Amino acid sequence: MGPRNIFIAAVAVTAIAFGTWLSFKVASPPPVPQVATVLPVPGELPEFSLLDHNGNPVGRDVFKGHWNLVFFGFTHCPDICPLTLQVLSSAKNQLAGDGFTPLPRIVLVSVDPERDTPESLAQYVAYFGDDNLGITGDLTQLLKLTNGLGIFFEKTAGDAENYSVDHSAVVLVINPDGQFNALFGAPHEAENFVHDLPIIMSQQ
Amino acid sequence: MKRILPVLILALLGCACSQESAPLVASDVVVSKPKPGMNVTAGYLTLSSHASQPIVITQVASPQFESVEMHESVIEDGMARMYPLGGLTVPAKSSVVFQPGGKHLMLLRPVGEFDTVSLDFYAGKAVVLTVNVALSD
């Protein structure tokens, strides 16, 4: 084989290798969320007037400028609520460890505004990490938000001090435009958020 | 014989008890400190029975909390619900697990400052198990 033939063979091998690589690259589908349901069209939030954990009035614009992971729960909930907030906190820490930015903000909307004051929420949400947001306030205003998002909650039997609240267990993703973007159904696992959230955020 | 039978049963039970260290034992006990500003927390553990008969736990009490309740969290149709467990049956020679997202002890209104929690498990009026555990973060 002369130098000319060697050159042709080398070009052919290179072309085949490049073609194979390109076909794999083109054929690989983009990653899709494993657990989260992404809304085909992000939904606008209803208007509402509640309080953040510092006692400041907040409306739907409070979600803007952040990727928000929003859970509806209450501070007297001993099991599911701290468990879910720990899962979200763990997912956020894992994303931070991976160098992922921007990190989502964890938001707890209280479904027990009778007992959850801004002060109690402030201590509670801070326990699960920095930059978390707590929202509470007037029940009528709360219902505007929850009804608009398909969130249901119901106080269960008990006395004035000792009662529980059944509540939707989903975690909602609200995008930096303040729109309802996706949701994660329960039970929640940190790795689902670590896997799906960057995909959801990249589709924005 | 009718009079002797109960005595024989008691004697046999006594033999069984002397062979086992205790009819009911607890493992993997975790009671978290109440979250800041909160007067409620949860307890988790595994109850294992060596008894040949089921043991029904009717109540749990603690000197460190005004009230202790047995609950079960469930996710039903996307809703997080919590049901009180009226009584808890630990089947013979079997275990019942209290774990996050499932059965748990709800400990309400701590009394004073403390680092260790004592839990008394009642079957009727009898305390069948006492567990001491350091509070975890």
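A quick note: this is a predicted structure, and the numbers were derived from the prediction, not measured.

Rules used in this analysis
- Residues numbered from 1 in each chain as written.
- Chains lettered and ligands numbered in written order.
- Predicted model: local features only at pLDDT ≥ 70, side-chain atom pairs only at ≥ 80, totals over all residues.
- Helix = DSSP H or I, 4+ residues; strand = E, 2+ residues; numbered from the N terminus.
- Contact = placed C-beta atoms within 7 Å.
- Buried ≥ 20, exposed ≤ 12 C-beta atoms within 10 Å, placed from the backbone.
- Domains from an automatic or database assignment.
- Nonpolar A, V, L, I, M, F, W, Y, C, P; charged D, E, K, R; others polar.
- Pairing = 2+ DSSP bridges.
- Axes fitted to C-alpha atoms, helices over the stretch in contact; angles between N-to-C directions.
- Core = buried A, V, L, I, M, F, W, Y, C linked by C-beta atoms within 7 Å.

Things to note about the overall build of chain B
Scanning chain B from terminus to terminus reveals 1 helix and 11 strands. Secondary structure elements of chain B, listed N to C terminal, follow the sequence α-β-β-β-β-β-β-β-β-β-β-β. Considering only contacts in chain B between residues 6 or more positions apart, those separated by 24 or more positions represent 67%.

What about unusual backbone geometry?
Across the chain, the bulk of peptide bonds are trans and the bulk of non-glycine residues have phi less than zero. All names here are of chain A. Pro-102 follows Thr-101 through a cis peptide bond whose omega is -10 degrees. With respect to the helices and strands, Pro-102 occurs in the loop between α2 (80–97) and β5 (105–110). Residue Pro-187 is bonded to the preceding Ala-186 through a cis peptide linkage, with omega at 0 degrees. Relative to the elements of secondary structure, Pro-187 occurs in the loop between β10 (179–184) and α5 (190–202). Positive phi outside glycine occurs at Asp-131, with the angle close to 65 degrees. For Asp-131, the position within the fold is in the loop between α3 (118–127) and β6 (133–136). The exposure class assigned to Asp-131 is exposed, which follows from the 12 C-beta atoms found within 10 Å.

Topic: the domain arrangement of chain A
Along its sequence, chain A is carved into domain 1 (1–30) and domain 2 (37–202). On a C-alpha basis, the centres of domain 1 of chain A and domain 2 of chain A stand 52 Å from each other.

Some remarks on the interface of chain A and chain B
Taken together, the contact between chain A and chain B spans 22 residues of the former and 19 residues of the latter. Residue assignment for the side of chain A that touches chain B shows that the elements contributing at least two residues are α2, α3 and β8 (165–168) of chain A. The element best represented in the side of chain A that touches chain B is α3 of chain A, accounting for 4 residues. For the side of chain A that touches chain B, the class distribution of residues is 11 nonpolar, 9 polar and 2 charged.

Some points on the sheet that holds strand β4 (residues 59–61) of chain B
Residues and elements named next belong to chain B. Reading across the sheet, the 3 strands line up as β4-β10-β11 and stay open at both edges, with antiparallel pairing between neighbours. The sheet is open, and its two edges are formed by β4 and β11 (126–134), each paired on a single side. In this sheet, adjacent strand axes meet at a mean angle of 20 degrees when their direction is disregarded. With 8 bridges connecting them, strand β10 (residues 116–123) and β11 associate as antiparallel partners. Its bridge partner being in β11, Phe-121 is matched across the sheet by Leu-129.

As for the pairing of β8 of chain A
Of the pairings in the sheet, the one linking strand β7 (residues 153–155) of chain A to β8 of chain A comprises 3 bridges and is antiparallel in character. By the bridge assignment, Lys-155 of chain A is partnered in β8 of chain A with Val-165 of chain A. The pairing of β8 of chain A with strand β6 (residues 79–84) of chain B spans 2 bridges and is classified as antiparallel. Looking at β6 of chain B, one finds that His-167 of chain A is bridged to Ala-80 of chain B.

Quick look at the nonpolar core
Leu-69, Val-70, Phe-71, Leu-88, Val-107, Val-171 and Leu-172 of chain A are the most contacted members of the largest nonpolar core, which totals 49 residues. At 7 residues, the largest contribution of residues to this core is made by α2 of chain A. Setting aside residues no more than four positions away along its own chain, Leu-69 of chain A makes contact with Leu-88, Pro-104, Ile-106, Val-107, Val-171 and Val-173 of chain A. Membership of the second largest hydrophobic core comes to 19 residues, among which are Val-31, Val-60, Met-106 and Leu-129 of chain B.

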